[in-house]
Amino acid sequence: MPADDPACLVRAAAGCISWRGMVSDPSFAPAYRLRRGAPPMLGFLYDDRPAGEHWISHFLPTATSPPLAARDRQHRHALDSRHGLALFYTPRSHAHFLVCDLVTGEHWEIRADPKCYKIIWSNLLQEMHSLRENEQISCNASVLCAKDGCDHRDCHGGPFLVALVGSDVEGDTYMNHAAVYSSATREWSDVTSVEQENVIDGTGHSAVVGNTVYAPCVEDDSVVVYNTREKKLSVIAAPLEVEDQEQQPYLDLMGLEDGMLLFASVVKPRLYLWTMEAGPRGAAGWARRRVIELGPLLPLPVLEDKSDVSAVGFAEGVCVIFLKTRVGLYTMELSPGKGKKVHRGYINKVMPYMSFYTGAWEPLPASDEA
């Protein structure tokens, strides 16, 4: 019974009374999640904003049954998805952020503390009021499970954190700032600041290792590290080993693969992947490099066209990377090397939603009397 096909569990429960009793038994769901390992990808989030219009957050299911609370959301800007949670910016709401569990339907509204405004609306890009009027934010935002010792197979209903990492300029000094919100205390931490020239990429993907958030930078391949527990900021450089630096493409931070930071870049007809191991205090070491030929995976017109192909998302645990092309969005499974077109549009950022369905089940009757 594939984990990304929750309908098969319903069919099994309908097969006979004894199977229905097994599937609805309280011990079944934990054993099922443990056997399957990483949560499956149930779908992915992406945004659409026509010229002069408001944000619309979309959800495209990839599993047989979409999550109960998965739907398009007007005036919502999807920022991140991790540990069974989705994070949205809500510019036309009394709250600034919305965290949703798309399986259970639970949601939490979060209002930013005024001390976080310089993180959310950076003065590096334009005046704060212009950013707010245009319903934009300039920081990198992440959501993550805060349950101690959690294996992230069933985070439903547990405590979570929302981390903001951004940049601004104070006089002639470039600064990085960070703060974290805890659902347990319903409070924001003090802002951590450090003088650095690395400008945070507010539209890029973040990565999380334990309590540490990794956010990409705009003009180079550096990564800003925010330890949410110790409230410390630092910077690490991507571990490149390239003979001709002029031929080196910009690296995009994708997320985690086997506990290591994953970077990707596309130079047609190849996809280049780098991984970097994060140390206990943000230090990083070179791990390995892979090159994947895209010829067998993408249509020939895409590879021959002069327009760019770029990596725009990564589903952690199931090793699926999303590639943006001029003719649509493709998924590529890294292990078997399979490619598939999943959307006809031109999508700049994909946020996979990973979760098991079984955590939201109610007990099912095991007799014909129900």
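Preceding this section is the structure that the text describes.
Summarised in this report is the structure supplied together with it. Everything numeric in this text was worked out from a predicted model, so none of it was measured. (Residues numbered from 1 in each chain as written. Predicted model: local features only at pLDDT ≥ 70, side-chain atom pairs only at ≥ 80, totals over all residues. Heavy atoms only, no water.)

**Focus: the overall build of the chain**
Turning to step 1, where the next piece is worked out: A count of helices and strands for the chain gives six helices and 25 strands.
Turning to step 2, where the next piece is worked out: Within the chain, residue pairs in contact and separated by at least 24 positions form 49% of the contacts whose partners lie at least 6 positions apart.
Turning to step 3, where the next piece is worked out: Carbon and sulfur atoms make up 48% of the accessible area of the chain, which amounts to about 17600 Å² in all. (Helix = DSSP H or I, 4+ residues; strand = E, 2+ residues; numbered from the N terminus. Contact = heavy atoms within 4.5 Å. Areas by Shrake-Rupley, 256 points an atom, 1.4 Å probe, with all protein chains shown as cover.)

**A short note on unusual backbone geometry**
Turning to step 1, where the next piece is worked out: Residues other than glycine seldom take positive phi values, yet His83 does so here, at roughly 55°.
Turning to step 2, where the next piece is worked out: As for its placement among the helices and strands, His83 is situated in the loop between β4 (77-82) and β5 (85-89).
Turning to step 3, where the next piece is worked out: Positive phi outside glycine occurs at Arg186, with the angle close to 60°.
Turning to step 4, where the next piece is worked out: Relative to the helices and strands, Arg186 is located in the loop between β10 (173-182) and β11 (187-188).

**Looking at the packing of aromatic side chains**
Turning to step 1, where the next piece is worked out: Inspection of every chain in the model, using the stated rule, returns eleven aromatic pairs.
Turning to step 2, where the next piece is worked out: With 6.5 Å between their ring centres and 50° between their planes, Phe97 and Trp188 make a pair best called tilted. Note that Phe97 is positioned in strand β6 (residues 97-100) and Trp188 in strand β11, a separation of 91 residues in sequence.
Turning to step 3, where the next piece is worked out: For Phe97, a relative accessible area of 1% puts it in the buried group.
Turning to step 4, where the next piece is worked out: What makes Trp188 buried here is its relative accessible area of 10%.
Turning to step 5, where the next piece is worked out: A centroid spacing of 6.0 Å and a plane angle of 25° characterise the contact between Tyr272 and Trp274, whose relative ring orientation is stacked.
Turning to step 6, where the next piece is worked out: Assessed through its relative accessible area of 15%, Tyr272 is described here as buried.
Turning to step 7, where the next piece is worked out: By relative accessible area, Trp274 is classed as buried at 1%.
Turning to step 8, where the next piece is worked out: The structure contains a cluster of three or more aromatic residues connected by ring pairs, namely Tyr89, Phe97, Tyr181 and Trp188. (Phe/Tyr/Trp six-rings, centres within 6.5 Å; stacked < 30°, edge-to-face > 60°. Buried < 20%, exposed > 50% of the residue type's maximum accessible area, 1.4 Å probe, protein only.)

**Here's the deal with the sheet that holds strand β15 (residues 222-227)**
Turning to step 1, where the next piece is worked out: If you trace the four strands from one edge of the open sheet to the other, you get β13-β14-β15-β16, paired in antiparallel fashion. Strand pairing shows two members of the sheet lacking a second neighbour, β13 (207-209) and β16 (232-237), which therefore form its edges. Strand after strand, the sheet turns through a mean of 25° between neighbouring axes, direction not considered.
Turning to step 2, where the next piece is worked out: Looking at chain direction, strand β14 (residues 212-216) and β15 are connected through five bridges and run antiparallel. If you follow Tyr214 over to β15, its bridge partner there is Val225. (Pairing = 2+ DSSP bridges. Axes fitted to C-alpha atoms, helices over the stretch in contact; angles between N-to-C directions.)

**Considerations on the pattern of salt bridges**
Turning to step 1, where the next piece is worked out: Taken as a whole, this structure holds nine salt bridges when the rule is applied.
Turning to step 2, where the next piece is worked out: Linking Lys115 and Asp190 is a salt bridge whose minimum nitrogen-to-oxygen distance equals 3.4 Å. Residue Lys115 is found in the loop between β7 (107-110) and α4 (117-120), and its partner Asp190 is found in the loop between β11 and β12 (192-195); the two are separated by 75 residues along the sequence. (Salt bridge = Lys/Arg side-chain N within 4 Å of Asp/Glu carboxyl O.)

**Considering the pairing of strand β2 (residues 56-61)**
Turning to step 1, where the next piece is worked out: As paired strands, strand β1 (residues 41-48) and β2 are joined by six bridges and run antiparallel to one another. Across the sheet, the residue bridging to Tyr46 is His58, located in β2.
Turning to step 2, where the next piece is worked out: With two bridges connecting them, β2 and strand β3 (residues 73-74) associate as antiparallel partners. The residue bridging Ile56 from the neighbouring strand is Gln74, located in β3.

**With respect to the layout of surface pockets**
Turning to step 1, where the next piece is worked out: Of the volumes computed, that of the largest pocket is approximately 890 Å³.
Turning to step 2, where the next piece is worked out: Around the largest pocket, the lining comprises 42 residues; the ones closest to its centre are Gly202, Thr203, Gly204, Asn348 and Lys349.
Turning to step 3, where the next piece is worked out: Listed by contribution, the elements that provide at least two residues to the lining of the largest pocket are β1, β4, β17 (252-257) and β21 (310-315).
Turning to step 4, where the next piece is worked out: Taken together, the residues of the lining of the largest pocket sort by class into 21 nonpolar, 13 polar and eight charged.
Turning to step 5, where the next piece is worked out: What lines the second largest pocket is a set of 29 residues, and nearest its centre among them are Arg82, His83, Leu256, Glu316 and Gly317.
Turning to step 6, where the next piece is worked out: Every element with two or more residues in the lining of the second largest pocket is listed here: β4, β13, β17, β21 and β25 (351-354).
Turning to step 7, where the next piece is worked out: At four residues, β17 tops the list of elements feeding residues into the lining of the second largest pocket.
Turning to step 8, where the next piece is worked out: Here the lining of the second largest pocket is composed, by residue class, of 13 nonpolar, ten polar and six charged. (1 Å grid on protein atoms, 1.4 Å probe; cavity = no way out; pocket = protein on both sides within 12 Å on 5 of 7 lines; lining within 4 Å. Points joined across faces, edges and corners; volume = space filled by probe spheres on them. Nonpolar A, V, L, I, M, F, W, Y, C, P; charged D, E, K, R; others polar.)

**What about the environment of Lys115?**
Turning to step 1, where the next piece is worked out: Taking the relative accessible area as the measure of exposure, Lys115 reaches 30% and is therefore partly exposed.
Turning to step 2, where the next piece is worked out: Between the alpha carbons of Lys115 and Trp188 there is a distance of 9.0 Å; along the sequence they are 73 residues apart.
Turning to step 3, where the next piece is worked out: A distance of 3.5 Å separates the side chain of Lys115 from the backbone oxygen of Trp188, its partner in a polar contact. (Polar contact = N/O pair within 3.5 Å; in protein donor to acceptor, adjacent residues only side chain to side chain.)

**Let's talk about the side chain of His54**
Turning to step 1, where the next piece is worked out: Here His54 is to be found in the loop between β1 and β2.
Turning to step 2, where the next piece is worked out: His54 sits in the buried class, given a relative accessible area of 18%.
Turning to step 3, where the next piece is worked out: Within the local environment of His54, its side chain forms a polar contact with the side chain of Gln74, the two groups lying 2.6 Å apart.
Turning to step 4, where the next piece is worked out: When near neighbours in sequence (up to four residues on either side) are disregarded, His54 contacts Asp48, Arg49, Gln74, His75, Arg92 and Glu135.

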